[in-house]
Amino acid sequence: MGKIRITGANHGFIGSHVMKYLVGLGYDVDHFSTADFIAQKWGILDDAETVVHCAWPTDKDLHSVEHLEFAEWTCNFFNECKKRGIRVINIGSSSEYGVKYEAMKEDMICEPINPYGIAKLSVTLYAKLLGYNTLRIFSPYGEGGKNFVSQYEKVEKYGNPLDNRDYFPVALVCQAVERLLHTKHLYGEIINVCSGLSITNGRVAGEWDTALISDKWYKYPQRQNEPQYWFGDIAKMKKLLNL
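Here we summarise the structure given alongside this text. Values in this document were obtained by computation on a predicted structure and should not be read as measured data.

1. Focus on the overall build of the chain
Here is step 1 of the chain: Broken down by element type, the chain carries ten helices and ten strands.
Here is step 2 of the chain: In the chain, which comprises 243 residues, the share counted as buried stands at 51%.
Here is step 3 of the chain: Within the chain, contacts between residues at least 6 apart in sequence are counted, and of these 79% link residues at least 24 apart.
Here is step 4 of the chain: Total accessible area computed for the chain in this model is approximately 11700 Å², and 52% of it derives from carbon and sulfur atoms.

In structure tokens, the structure reads:
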């Protein structure tokens, strides 16, 4: 397999883990910085066979329209990869689904509720149009991530401890990427990467540090436009990636 370029590998949570994982397995991997991505320095792609696109701005509010601008840049980037015959693995988000009250399946109609979800969905659909595959990630956790302890220190932002989410180790996200690298027969597939289980935020935080679960946190209301349950269907992941 030729060189793999990973966007968002410098400072991104998923991108940095994917890069470390693939390097550890002996792949020829290098990063494609977000700055170079935004500056459209496409010459960096000259030696690439595959791109794993993880880059996304993490310093923007979910309701910022700047996500839509980044989506446009991403689609232009995909066009450049297509011209060069480069395969792309796109990292999507469960936010693309919007509010659902059952396990989220890849063939569901998506109705995202904020500009972030709309932008991610537009990128996923454009990737599909070009024949690129997308791994739709749910709530990844691991070293350097914002979930778990760091998440629950920010009560006002992250909401009710009775809400359920589908938490998934970032190490298994890395495995999903690596397995997809070897399934070249897939064309334009969208694959959930999740546990298929629904666990309360309170249980997650409690398993790490019960001191973080304050009275204020328990009194905080459910976040607007979000369901109490948020989890994915794993059938396609098991079938196509054997995870």
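2. A look at the side chain of Lys3
Here is step 1 of the chain: By secondary structure assignment, the location of Lys3 is in strand β1 (residues 3–7).
Here is step 2 of the chain: Dropping the residues within four chain positions of it, Lys3 is found in contact with Asp28, Asp30, Asp47, Ala48, Glu49 and Thr50.

3. Brief notes about the state of the cysteines
Here is step 1 of the chain: With the rule as written, the count across this model stands at zero disulfides.
Here is step 2 of the chain: Cys174 supplies the cysteine sulfur nearest to Cys54, a cysteine that is in no disulfide, at a spacing of 8.6 Å.

4. Some remarks on a nonpolar patch on the surface
Here is step 1 of the chain: A grouping of Val65, Leu68 and Ile118 is seen on the molecular surface, where their side chains present a nonpolar patch of about 260 Å² in accessible area.
Here is step 2 of the chain: Mapped onto the elements of the fold, Ile118 is located in helix α4 (residues 115–130).

5. Some words on unusual backbone geometry
Here is step 1 of the chain: In this structure, Gln40 takes a positive phi of about 55 degrees despite not being glycine.
Here is step 2 of the chain: Along the chain, the position of Gln40 falls in the loop between α2 (34–38) and β3 (48–53).
Here is step 3 of the chain: The phi torsion at Asn242 lies on the positive side, around 55 degrees, for a residue other than glycine.
Here is step 4 of the chain: Mapped onto the elements of the fold, Asn242 is located in the segment after α10 (235–241).

6. Observations regarding the packing of aromatic side chains
The geometry of an aromatic ring pair is captured by the separation of the ring centres together with the interplanar angle, meaning the angle of the planes.
Here is step 1 of the chain: According to the stated counting rule, one finds ten aromatic pairs in the structure shown.
Here is step 2 of the chain: Ring geometry for Trp42 and Phe77: centres 5.5 Å apart, planes at 35 degrees, overall tilted. With Trp42 in the loop between α2 and β3 and Phe77 in helix α3 (residues 66–83), this pair connects stretches of sequence that are 35 residues apart. Grouping residues by exposure puts Trp42 and Phe77 together as buried.
Here is step 3 of the chain: Phe77 sits in the buried class, given a relative accessible area of 0%.
Here is step 4 of the chain: By the ring-pair criterion, three or more aromatic residues cluster together here, those being Phe32, Phe37, Trp42, Trp56, Phe70, Trp73, Phe77, Phe78, Tyr116 and Tyr132.
Here is step 5 of the chain: The ring centre of Trp56 lies 4.5 Å from the NZ or CZ of Lys120, which sits over that ring.
Here is step 6 of the chain: The ring of Tyr97 has Arg136 sitting right over it, with the charged end atom 4.5 Å from the ring centre.

7. Re the sheet that holds strand β5 (residues 133–137)
Here is step 1 of the chain: The six strands are arranged β2-β1-β3-β4-β5-β9 in an open sheet whose pairing can be described as parallel. Either end of the sheet is taken by a strand with one partner, and the two such strands are β2 (29–32) and β9 (190–193). Each adjacent strand pair in this sheet contributes to an overall mean axis angle of 25 degrees, direction not counted.
Here is step 2 of the chain: By the bridge criterion, four bridges tie β3 to strand β4 (residues 87–93) in an arrangement that is parallel. What sits directly across from Val51, in β4, is Val88.
Here is step 3 of the chain: Packed on one face of the sheet, α3 meets β1, β2, β3 and β4 and runs near 160 degrees to β3.
Here is step 4 of the chain: With respect to the sheet, helix α7 (residues 170–181) is in contact with β1, β3, β4, β5 and β9, its orientation differing from that of β4 by roughly 150 degrees.

8. Structural notes on the pattern of salt bridges
Here is step 1 of the chain: This structure, assessed with the given rule, holds ten salt bridges.
Here is step 2 of the chain: Measuring nitrogen to oxygen at the nearest pair gives 3.0 Å for the salt bridge that ties Lys3 to Asp28. Here Lys3 is found in strand β1, whereas its partner Asp28 is found in the loop between α1 (13–24) and β2, with 25 residues between them in sequence.
Here is step 3 of the chain: A salt bridge links Asp46 to Arg84; its shortest N-O distance comes to 2.4 Å. Of this pair, Asp46 sits in the loop between α2 and β3 while Arg84 sits in the loop between α3 and β4; the two residues are 38 residues apart in sequence, bridging distant segments of the chain.

9. Some points on the environment of Asn133
Here is step 1 of the chain: Locating Asn133 in the fold gives a position in strand β5.
Here is step 2 of the chain: By relative accessible area, which is 2% here, Asn133 ends up buried.
Here is step 3 of the chain: Placed 54 residues apart in sequence, Asn133 and Tyr187 show a C-alpha to C-alpha distance of 6.4 Å.
Here is step 4 of the chain: Apart from the residues lying within four places of it in its own chain, the contact partners of Asn133 are Arg87, Val88, Ile89, Asn90, Leu180, Leu186, Tyr187, Gly188 and Glu189.
Here is step 5 of the chain: A polar contact is formed between the side chain of Asn133 and the backbone oxygen of Leu186, at a distance of 3.5 Å.
Here is step 6 of the chain: In terms of polar contacts, Asn133 uses its side chain to reach the backbone amide nitrogen of Glu189, at 2.8 Å.

Conventions adopted
- Residues numbered from 1 in each chain as written.
- Predicted model: local features only at pLDDT ≥ 70, side-chain atom pairs only at ≥ 80, totals over all residues.
- Heavy atoms only, no water.
- Helix = DSSP H or I, 4+ residues; strand = E, 2+ residues; numbered from the N terminus.
- Buried < 20%, exposed > 50% of the residue type's maximum accessible area, 1.4 Å probe, protein only.
- Contact = heavy atoms within 4.5 Å.
- Areas by Shrake-Rupley, 256 points an atom, 1.4 Å probe, with all protein chains shown as cover.
- Disulfide = S-S within 2.5 Å.
- Patch = residues over 30% accessible without salt bridge, like charges linked within 9 Å, V, L, I, M, F, W, Y side chains within 5 Å.
- Salt bridge = Lys/Arg side-chain N within 4 Å of Asp/Glu carboxyl O.
- Phe/Tyr/Trp six-rings, centres within 6.5 Å; stacked < 30°, edge-to-face > 60°.
- Lys NZ or Arg CZ within 6 Å of the ring centre and 35° of its normal.
- Pairing = 2+ DSSP bridges.
- Axes fitted to C-alpha atoms, helices over the stretch in contact; angles between N-to-C directions.
- Polar contact = N/O pair within 3.5 Å; in protein donor to acceptor, adjacent residues only side chain to side chain.

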